[in-house]
Amino acid sequence: MLLEASNASKTFRARRGGTSVDAVVNANLQARPGDFVAIVGESGSGKSTLARMLLGLIPATSGSVALDGTDLASMSKTQRIRYRRTVQAVLQDPAGSLNPRKTVGRIVGEVVRLHNIARGRDAVVDTVAETLELVGMVPAASFLGRFPHELSGGQRQRVLIARAIVLGPRIIVADEAVSALDASVKAGVLQLMDDLRRRLGVGYVFITHDLPVVKKVAEYVYVMKSGEIVEEGTKDQIFTAPEHPYTTTLLSAAPTLAASYGPPE
Ligand SMILES: Nc1ncnc2c1ncn2[C@@H]1O[C@H](COP(=O)(O)OP(=O)(O)O)[C@@H](O)[C@H]1O
Ligand SMILES: [Mg+2]
């Protein structure tokens, strides 16, 4: 299975009088299940726009996003629903991804019902509980009735991951999913994501401005600047022999691994 952006571009049209923004320009990117692909770049470089295109939330202005060669733009409604399950999002919790008025059981249970993963109250609760266990929220029963504000930041992020993996995705697009977390909590959530990769074979398109995190977890890295992917390569290539001057600048401006990720064990 291959998720692929080919010369994908996104221009946000100007409102009357303003200028239009070329948020993403001719992006080429590939991700497969089991991959840990990162997109890095400073704020405003187009990372989230590319993420939203990969998720099918906004259409490309030109070029394409395709799964196994089928262009998102040409998919039928049924194909699109399947795509939504196959390519799931994990966003940053402070972006309001969790409804404060719903319990954890309901937040995860709703997508289980919506996508017919399980039918009937007991089966839904069982599915939700199993998934909470999978993301390290144990005992699951103690979390089902809790509201987001009764959870820690790391636990809320785990709920977001649970809500994504319960659908059995093959690829998760994670946009700044750990960026707001404290160093030790961040390490725990990254470890979970890597465990899920091994156990479920899920792949990640992991978007962050946090280079030490990329150094820790990514295998392949795309570097974005002003809407363009200016460099790509294996993590080792990017960190030890960057070719683009922008990558060098990005690396030299990055905090140390210890500062961002916590001290080594
Ligand atoms: N809905 C939108 N309408 C207009 N401009 C947008 C919109 N979303 C993003 N942009 C612009 O596109 C550029 C890239 O933004 P974004 O993809 O959010 O970058 P990043 O995630 O790397 O910070 C920025 O200049 C931003 O202001
Ligand atoms: Mg962003």
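Counting restarts for each chain, with residues numbered from 1 along the sequence as it is written. Think of it this way: whatever chain is written first is A, whatever ligand is written first is 1, and the rest follow in order. Predicted model: local features are reported for residues with pLDDT of at least 70 only, side-chain atom pairs are reported and counted for 80 or more only, and whole-chain, interface and lining totals are derived from all residues. For the side-chain quantities, the full set of heavy atoms in the structure was used; hydrogens and water were omitted.

S.K.: Sorry, what's going on with the overall build of the protein chain here?
M.R.: Counting its secondary structure elements, the protein chain contains 11 helices and 10 strands. Against the 2.2 N^0.38 benchmark of 18 Å for 265 residues, the protein chain shows a C-alpha radius of gyration of 19 Å, consistent with a compact globule. Oriented by its inertia axes, the alpha-carbon framework of the protein chain measures out at about 55 × 50 × 40 Å. Only protein chains enter the area calculation, which uses a 1.4 Å probe; residues under 20% of their type maximum are buried, those over 50% are exposed, and those in between are partly exposed. Going through the 265 residues of the protein chain one by one, you find that 48% of them count as buried. Contact criterion: two residues are considered in contact whenever any of their non-hydrogen atoms come within 4.5 Å of each other. Within the protein chain, residue pairs in contact and separated by at least 24 positions form 67% of the contacts whose partners lie at least 6 positions apart. Per-residue accessibility takes into account occlusion by the displayed protein chains alone, with areas from the Shrake-Rupley method and a 1.4 Å probe. For the protein chain, the exposed area adds up to about 12,900 Å²; of that, 48% sits on carbon and sulfur atoms. In the protein chain, 31 side chains carry a positive charge and 26 a negative one; their mean positions are 8 Å apart. Helix and strand assignments come from DSSP, with helices taken as H or I runs of at least 4 residues and strands as E runs of at least 2, each series counted from the N terminus. The globule rule used for comparison is 2.2 Å times the number of residues to the exponent 0.38, while the radius of gyration itself is calculated over C-alpha atoms. As used throughout, the charge tally considers Lys and Arg to be positive and Asp and Glu to be negative, leaving His and the chain termini uncounted. The atom standing in for a charge is NZ when the residue is Lys, CZ when it is Arg, CG when it is Asp and CD when it is Glu.

S.K.: Can you help me understand the sheet that holds strand 2 (residues 21–31) in this one?
M.R.: Across a sheet, strands are paired by hydrogen bonds formed along the backbone, either parallel or antiparallel in direction. Sheet architecture is open: four strands sit in the order 2-1-4-5, paired in antiparallel fashion. A single partner strand is all that each edge strand has here, and the edge strands are strand 2 and strand 5 (70–71). In terms of strand pairing, strand 4 (residues 62–67) meets strand 5 through two bridges, oriented antiparallel. Bridge pairing links Ala 66 to Asp 71 in strand 5. Note on geometry: axes are C-alpha line fits, over the in-contact stretch for helices, and angles between N-to-C directions span 0 to 180 degrees. Seen against the sheet, helix 1 (residues 47–54) touches strand 1 (3–12), strand 2 and strand 4 and runs at an angle of roughly 120 degrees to strand 1. When DSSP finds at least two bridges between two strands, those strands are taken to pair.

S.K.: Can you help me understand the packing of aromatic side chains in this one?
M.R.: Both the distance between ring centres and the angle between the ring planes are used here to describe each pair of aromatic rings. The aromatic pairing rule takes the rings of Phe, Tyr and Trp, using the six-membered ring of Trp, and pairs them if the centres are within 6.5 Å, calling planes under 30 degrees apart stacked, those over 60 edge-to-face and the rest tilted. With the rule as written, the count across this model stands at three aromatic pairs. Every member of this aromatic cluster is reached through a ring pair, and the members are Phe 36, Tyr 204 and Phe 206.

S.K.: So what exactly am I meant to see when it comes to a negative patch on the surface here?
M.R.: Taken together, the side chains of Asp 122, Asp 126, Glu 130 and Glu 133 define an acidic patch exposed on the protein surface. Among the structural elements, Asp 126 can be located in helix 4 (residues 121–134). Classification of Asp 126 as partly exposed rests on a relative accessible area of 47%. Without a salt bridge and with relative accessible area above 30%, a residue can belong to a patch; like charges are then joined within 9 Å and nonpolar side chains (Val, Leu, Ile, Met, Phe, Trp, Tyr) within 5 Å. Salt bridges, as used here, are contacts in which a Lys or Arg side-chain nitrogen is within 4 Å of a carboxyl oxygen on Asp or Glu.

S.K.: Would you explain the sheet that holds strand 8 (residues 203–208) in this entry?
M.R.: In space, the six strands of this open sheet follow the order 6-7-8-3-9-10, with mixed pairing throughout. Here the strands that pair on one side only, and so sit at the sheet edges, are strand 6 (87–90) and strand 10 (228–234). Adjacent strand axes in the sheet meet at a mean angle of 20 degrees when their direction is disregarded. Bridging between strand 3 (residues 36–40) and strand 9 (residues 220–225) involves four bridges; their strand directions are parallel. From the neighbouring strand, Val 37 faces strand 9, where its bridge partner is Tyr 220. Sitting on the sheet, helix 2 (residues 77–86) is in contact with strand 6 and strand 7 (171–175), with an inclination near 50 degrees to strand 6. Those strands touched by helix 6 (residues 153–165) are strand 6 and strand 7, and its axis lies near 170 degrees from that of strand 6.

S.K.: Mind showing me how you'd approach the site of ligand 1 here?
M.R.: Any residue with at least one heavy atom within 4 Å of a molecule or strand is counted as near it. Neighbouring residues of ligand 1: Phe 12, Val 21, Ala 23, Glu 42, Ser 43, Gly 44, Ser 45, Gly 46, Lys 47, Ser 48 and Thr 49. In protein, a polar contact requires one atom able to donate a hydrogen and another able to accept it; more generally it is a pair of N or O atoms within 3.5 Å, and residues adjacent in sequence count only if both atoms are side-chain atoms. Gly 44 places a polar main-chain atom, nitrogen or oxygen, 2.6 Å from an oxygen atom of ligand 1. Backbone polar atom of Ser 45 to an oxygen atom of ligand 1: 3.2 Å apart, as the coordinates give it. When residues of the shell around ligand 1 are traced back to their parent elements, those giving at least two are strand 2 and helix 1. Broken down by element, the residue count for the shell around ligand 1 peaks at three residues, all from helix 1. Among the residues forming the shell around ligand 1, the class breakdown is three nonpolar, six polar and two charged. Charged residues are taken to be Asp, Glu, Lys and Arg, nonpolar residues to be Ala, Val, Leu, Ile, Met, Phe, Trp, Tyr, Cys and Pro, and polar residues to be all remaining types, Gly included.

S.K.: How should I be thinking about the side chain of Glu 176 in this particular structure?
M.R.: Turning to its location among the elements, Glu 176 is positioned in the loop between strand 7 and helix 7 (183–200). Of the side chains bearing the opposite charge, Lys 47 lies closest to the buried Glu 176, which forms no salt bridge; the N-O distance is 4.4 Å. At 3.5 Å, the side chain of Glu 176 forms a polar contact with the side chain of Thr 208. When neighbours within four sequence positions are excluded, Glu 176 is seen to be in contact with Lys 47, Gln 92, Ile 207, Thr 208 and His 209.

S.K.: Hey, could you run me through the packing of helix 6 against helix 7 in this one?
M.R.: Between two packed helices, both the angle of their axes relative to each other and the distance between the axes serve to describe the pair. The N-to-C vectors of helix 6 and helix 7 enclose an angle of 20 degrees; their axes lie 10 Å apart at closest approach. Our classification of the angle between helix 6 and helix 7 gives roughly parallel. Here helix 6 and helix 7 pass one another in a crossing that is right-handed. Here Gly 154, Gln 157, Arg 158, Ile 161 and Ile 165 of helix 6 lie close against helix 7, whose contacting residues are Val 185, Gly 188, Val 189, Leu 192, Met 193, Leu 196 and Leu 200. By definition in this entry, angles of less than 35 degrees are roughly parallel, angles greater than 145 are roughly antiparallel, angles of 65 to 115 are roughly perpendicular, and the rest are oblique. A crossing counts as left-handed when the near helix is turned anticlockwise from the far one by less than a right angle, and as right-handed when that turn is clockwise.

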